[in-house]
Amino acid sequence: MLIPLSQADERCGAKAANLARLLREDFRVPAGFVIEDTGDDAWVHELGSALHGLGSGPFAVRSSALGEDGVQASFAGQLHTTLGVTTEAQVAGAVRRTALSGAGERAAAYAARTRRSPVSAVPRPRAGSLSLPSPAAAAGR
């Protein structure tokens, strides 16, 4: 199931929920949607029309996993992000890579360094967010 970014809530992960909150407060946020459960391939059938609704791209596929960001630690940079994808097939592949990255070595090593149990700490992205990137005038590091 695909959820418009404007309707995302905590079940979609903190990143998507916070972006939705910003949208409701009239901040400029790129259009996007959240894939509620990447383990269920039903989202693939909705992908074409959802991408069409966002425009011609390019698109960014980012994680918005449950438990990804917390008070004790943040998995920022640990899960896969794909920028500049333009076709439905590229987007589908990027969503799958992002979903699998929560079980990857980098995320597991980060969980160990932050003394969090890999079973409970390493996010398994249930949700992936997709947005139409806007050209950046500046970026932080």
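The following paragraphs examine the structure supplied in this document. (Residues numbered from 1 in each chain as written. Predicted model: local features only at pLDDT ≥ 70, side-chain atom pairs only at ≥ 80, totals over all residues. Heavy atoms only, no water.)

Here we look at the overall build of the protein chain
Looking only at helices and strands, the protein chain has five helices and five strands in total. The 141 residues of the protein chain split such that 38% are buried. Within the protein chain, residue pairs in contact and separated by at least 24 positions form 68% of the contacts whose partners lie at least 6 positions apart. A total of about 8100 Å² of accessible surface is found on the protein chain, and carbon and sulfur atoms cover 54% of it. (Helix = DSSP H or I, 4+ residues; strand = E, 2+ residues; numbered from the N terminus. Buried < 20%, exposed > 50% of the residue type's maximum accessible area, 1.4 Å probe, protein only. Contact = heavy atoms within 4.5 Å. Areas by Shrake-Rupley, 256 points an atom, 1.4 Å probe, with all protein chains shown as cover.)

So, unusual backbone geometry
The omega angle of the peptide bond from Gly57 to Pro58 is 5°, so this bond is cis rather than trans. Secondary-structure assignment places Pro58 in the loop between helix H2 (43-54) and strand E3 (59-63). Backbone geometry at Asp26 places phi at a positive 70°, although glycine is not the residue there. Along the chain, Asp26 falls in the loop between helix H1 (14-24) and strand E2 (32-35).

Remarks on the environment of Thr87
Topologically, Thr87 is positioned in the loop between strand E4 (82-85) and helix H3 (88-101). Residue classification places Thr87 among the partly exposed positions, given a relative accessible area of 37%.

Re the nonpolar core
Counting 15 residues, the largest nonpolar core has Phe33, Trp43, Leu47 and Val91 as its most contacted members. Secondary structure elements with two or more residues in this core: E2, H2, E3 and H3. Counting residues per element, this core draws most heavily on H2, which supplies five residues. (Core = buried A, V, L, I, M, F, W, Y, C linked by side-chain atoms within 4.5 Å.)

Observations concerning the pattern of salt bridges
All chains considered together, the criterion is met by four salt bridges. Linking Glu36 and Arg11 is a salt bridge whose minimum nitrogen-to-oxygen distance equals 2.9 Å. Here the residue Glu36 occupies a position in the loop between E2 and H2, and Arg11 occupies one in the loop between strand E1 (2-4) and H1, the gap between them amounting to 25 residues. The buried category is assigned to Glu36, whose relative accessible area is 18%. The exposure class of Arg11 is partly exposed, given its relative accessible area of 36%. The residue Arg96 makes a salt bridge to Asp41 at a minimum N-O spacing of 3.6 Å. (Salt bridge = Lys/Arg side-chain N within 4 Å of Asp/Glu carboxyl O.)

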